[in-house]
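Fold and contact review
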Amino acid sequence: MIFKLRDFKSVFWLFFLFMPLIPLHAQKVALVLSGGGSKGVAHIGVIKALEENGIPIDYVAGTSMGAIIGGLYAAGYSPEEMIALVNSDEFTEWVDSEISKNTVIFITSINLV
């Protein structure tokens, strides 16, 4: 059987007519961040590189410092905002578990039953 050019044109148009009915599944990207204290801050650079290359992040998971950085990203912080936060004195005190002399601590007793 010999196909004519007209037949290919009709198949071509039918394909594009019904193409929106074919489900297209986009890939999902999960960002998994590890811990490691100050090494975990390097994850900000990874997030920045992914954003610069237009790679959307659908899921975020992390442990230790990776969880902190991932949580900041999930909360809507940009990489620049995260860098400013990590470089702040308050963040350094929090990470080092240091309590400044100006901090007042209230301790209440807990009655165990």
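Residues numbered from 1 in each chain as written. Predicted model: local features only at pLDDT ≥ 70, side-chain atom pairs only at ≥ 80, totals over all residues. Heavy atoms only, no water.

**So, helix α3 (residues 65-74)**
Condition: Partly exposed describes any residue whose relative accessible area lies between the buried limit of under 20% and the exposed limit of over 50%, with all areas from a 1.4 Å probe on protein chains only and scaled to the type maximum. Strands here are runs of E lasting at least two residues and helices are runs of H or I lasting at least four, both read from the DSSP assignment and numbered beginning at the N terminus. Relevant arc is that of directions from the helix axis to the C-beta atoms, nothing else. Contacts between residues were defined by any pair of non-hydrogen atoms, one from each residue, lying within 4.5 Å.
Taken together, the buried positions of α3 are occupied by M65, G66, I69, G70, L72 and Y73. Taken around the axis of α3, the buried residues stretch over an arc of 160 degrees, which confines them to a single face. Along its buried surface, α3 packs onto β1 (30-33), α2 (43-52), β2 (59-62), α4 (79-86) and α5 (89-96). One or two residues past the end of α3 sits G76, with phi positive at roughly 105 degrees.

**Looking at the packing of α2 against α3**
We count it as follows: Here an angle of 0 to 180 degrees is reported between the N-to-C directions of two axes, which are lines fitted to C-alpha atoms, with helices fitted over the stretch in contact. By definition, any crossing whose near helix is turned counterclockwise from its far helix by less than a right angle is left-handed, and any crossing with a clockwise turn is right-handed.
Closest axis-to-axis distance for the α2/α3 pair is 10 Å, and the angle between their directions is 35 degrees. Helix-helix and strand crossings are classified by hand; for α2 and α3 the assignment is right-handed. Along its contact with α2, which presents H43, I44, I47 and E51, the element α3 presents G66, I69 and Y73.

**With respect to the pairing of β1**
Working note: regular strand, side chains alternate between the two faces of the sheet. Test applied: DSSP-based pairing: two strands are paired if at least 2 bridges between them are found. Convention used here: a crossover is right-handed provided that the path from the first strand, over the helix, to the second strand proceeds clockwise when the strands point away from the viewer.
Side chains of β1 alternate between two faces, with L31 and L33 buried and A30 and V32 left unburied. Here 4 bridges tie β1 to β2, and the two strands are oriented parallel to one another. Looking across to β2, one finds that A30 is bridged to Y59. Handedness of the β1-α2-β2 crossover: right-handed.

**A word on the nonpolar core**
The condition is simple: As used in this record, nonpolar core signifies buried Ala, Val, Leu, Ile, Met, Phe, Trp, Tyr and Cys residues forming a set joined through side-chain atoms within 4.5 Å.
Of all hydrophobic cores here, the largest spans 13 residues; its most connected members are L31, I47, I69 and M82. A per-element tally of this core places α3 first, with 4 residues. Each residue touching M82, except ones within four places of it in the same chain, is listed here: I44, I47, I69, L72, Y73 and Y77.

**Quick look at the confidence of the model for the protein**
To keep things clear, this is the line we draw: Predictor confidence is given residue by residue as pLDDT, running from a minimum of 0 to a maximum of 100.
On average, residues of the protein score 78 in pLDDT, and 63% of them are at 70 or above. The lowest-confidence element of the protein is helix α1 (residues 5-18), averaging 63 in pLDDT; the highest-confidence one is α2, averaging 93.

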